[in-house]
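Notes for the structure review
Given next are the chains, with one letter for each unit.
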Amino acid sequence: MRRGLFVLAGILFVVGSLTVAIVSTSKAKVASRAVTMHGEHTITITPWGPDQQTIDAAKARVTAHPDVVKYLRGTLNRMLSFDFIDNDTKATGRSEPPTRFRATMFDYSNNRTVIAEGGFYDSSMEVTLSDFQPNPSPEEFQAAIDIVAADPDLGPAIIGRKYEPYSSMPPLIADPSIIKGKPERTLTLGLFPMNDKYSHEVIGVNMVRRTVVRFANGAPPSSNAGELNCGVPSAGQGSTSRGVAGQAEIVISRDGVEFWRFLCIRPSASSGNNASGIELRDVRYMGKMVLSRANAPILNVQYERNACGPFRDWSWQEGMFSAPGNDVPGTNGGIRMCTSAPGSVLDNGTDFGNYRGVAVWDREEVRLVSEMNAGWYRYISEWRFHDDGVIQPLFGYGATTNSCVCRIHVHHVYWRFDFDLVTAANNNLYENKDGIRKQIATEGILLRNGITQNWVVENSVTGESVIIEPGPLDGNADKFGKYDLVFLLNKFPLQIDDSGTGAGSAANIEPFVNGESLANQDVVVWYAGHWRHEHFDGPIPGGPNHGGGPNVHGPFLRLAKF
């Protein structure tokens, strides 16, 4: 059995049956070049950012603040999300824990969103109103079930467990044929029959009127509910809310040599309007900076002939998966060291699990794994770190039982890599295509269409570089998933995702392409993966934790001259 080993605040922790010696991070050597080694890694995990007590105190201040009370007094309302506002990492060259937050509440009595931005450690607060409707929270989904349970037609079947409610897609609807004037907040809810006396149905739950909306075809136009269903049964185990503690700095060493050091942000606290899976910041290899930030802020899916959707998905709602091991103290259960392989829905064909968060597993490479829910979808976010300077970002696709995923569809994931090779500036971009090297001198969009093709980010002063090599299952852009790679000048905190560009379900990065120079600049590379799901599978032999299965893909980032 492999063992996970980590140090926290000078205390030795050993996961497994054997105790071995450890070299603390402060004494670990930073190698000048890659070294071939074998045996266990030393993985040091240190909590980072506000703890849950600080977050809970901030939430309490929000609900008690006079400007919030002014809008919400006497109303039926709920806090739907709590997000961290990032500091500008470029100003200091290193990420600082967030000092500000954004709380988003929905006022059902007045059908409006109330947004409060404030500080963790001061009393400042700015409160605004919006017509924007955020995605539902797990607590709001349960509230929708309670409304259906009180419905005279469907309530008895819900209470009698004749139906199994499930989170469906799209998460919200605003059908003008049933809602007059300003769209009223209406969640969708799937009802899966537990016997053949009942019919499968996707309904709407109007959270303003607290009423049930039913459809002539058994589902809203962009959804589907029929007798043909694919996916694994939903476990109904619940998921995380958005904005919980559990971030950490992770250092990966072996025999006293430090290979990797980075911040790990769990999906529920990741950045972007729809979050971005497991997010990495300040990634260093052999002591040198590689990436300021790496995540996947855009995730969507389109169905053939629009049988369902298209849908814009989200990447913050951590669901249960199998992760044998022990939670790292001080991380609010957000980081767990595994004693054996973590197993997602793609590995074991079940929606049941014992853990929500980021699982760390030590093999020859070190892996970070998390499973996320978005309606009936189950998404796997994974990063792999190799001692020889290779990073593998991976994404996988599964689902719980529903009628849409039986139909051919294509998942699109868009990774955003903010490269700071040694320095933020002095980075150049090149394309190697069929043996020809060409500099990418200005912002632009490129397709993967060469027999042999990769892209290089290189520090023009010091010579370190990273080769972006396509994965064999990364697919190609189509009319909906229209990008393979987009190269941009970094403009953080703008352009962290495509929100504000008028994007619907499809990605809309093109408005950021303005022809600006990329020569010796701070560059960002968007890399898209396109997975065509032609049939829905059960457990996949050789899933993401066993060498890579057919539902898992992503590029290779290969470092050179480090």
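Please refer to the structure higher up on the page.
Notes on the structure in this doc start here. (Residues numbered from 1 in each chain as written. Predicted model: local features only at pLDDT ≥ 70, side-chain atom pairs only at ≥ 80, totals over all residues. Heavy atoms only, no water.)

1. Re the packing of aromatic side chains
One pass over the structure, following the stated rule, counts 24 aromatic pairs. Note on F321 and Y355: the rings are 5.9 Å apart at their centroids and 70° apart in plane angle, and the pair reads as edge-to-face. With a gap of 34 residues between them, F321 in the loop between β18 (311-312) and β19 (325-327) and Y355 in the loop between α6 (345-348) and β21 (358-362) connect regions that are remote in the sequence. Y355 carries the same exposure label as F321, and that label is buried. (Phe/Tyr/Trp six-rings, centres within 6.5 Å; stacked < 30°, edge-to-face > 60°. Helix = DSSP H or I, 4+ residues; strand = E, 2+ residues; numbered from the N terminus. Buried < 20%, exposed > 50% of the residue type's maximum accessible area, 1.4 Å probe, protein only.)

2. Notes on the sheet that holds strand β7 (residues 112-119)
The strand order across the open sheet formed by four strands is β5-β6-β7-β8, and the pairing between neighbours is antiparallel. Where the open sheet ends on each side, the last strands, each with one partner, are β5 (77-85) and β8 (125-130). Neighbouring strand axes in the sheet, compared pairwise and without regard to direction, differ in orientation by 20° on average. One ladder, built from eight bridges, connects β5 with strand β6 (residues 100-107); its direction is antiparallel. Residue pairing for β6: F82 is matched across the bridge by A103. Taken strand by strand, helix α1 (residues 52-64) contacts β5, β6, β7 and β8, and its axis lies near 130° from that of β5. (Pairing = 2+ DSSP bridges. Axes fitted to C-alpha atoms, helices over the stretch in contact; angles between N-to-C directions. Contact = heavy atoms within 4.5 Å.)

3. Focus: helix α4 (residues 138-149)
Over its twelve residues, α4 runs 17 Å from end to end, which matches the ideal 16 Å to within 8%, given 1.5 Å per residue. Among the residues of α4, P138, E140, A143, A144, I145, I147 and V148 are the ones counted as buried. Of the surrounding secondary structure, the elements contacted by the buried residues of α4 are β5, α5 (155-159), β9 (163-166), β11 (186-193), β12 (201-206) and β13 (211-213). (Expected span 1.5 Å × (residues − 1).)

4. A look at the nonpolar core
If you look at the biggest cluster of nonpolar residues, it comprises 76 residues, and the most contacted ones within it are W260, F262 and L368. Broken down by element, this core gets its largest block of residues, seven residues, from strand β17 (residues 288-303). (Core = buried A, V, L, I, M, F, W, Y, C linked by side-chain atoms within 4.5 Å.)

5. A look at the pattern of salt bridges
Under the definition given, this model contains 30 salt bridges. Here E184 and R209 are joined by a salt bridge, their closest N and O atoms 2.7 Å apart. Taken together, the residues span a long stretch of sequence, with E184 in the loop between β10 (172-173) and β11 and R209 in the loop between β12 and β13 at a distance of 25 residues. R209 gets classed as exposed once you look at its relative accessible area, which sits at 54%. Between R281 and E279 there is a salt bridge, with its nearest N and O atoms 2.8 Å apart. The class of E279 is buried, set by a relative accessible area of 0%. Several salt bridges converge on common partners, so that one network encompasses D86, E279, R281 and R293. (Salt bridge = Lys/Arg side-chain N within 4 Å of Asp/Glu carboxyl O.)

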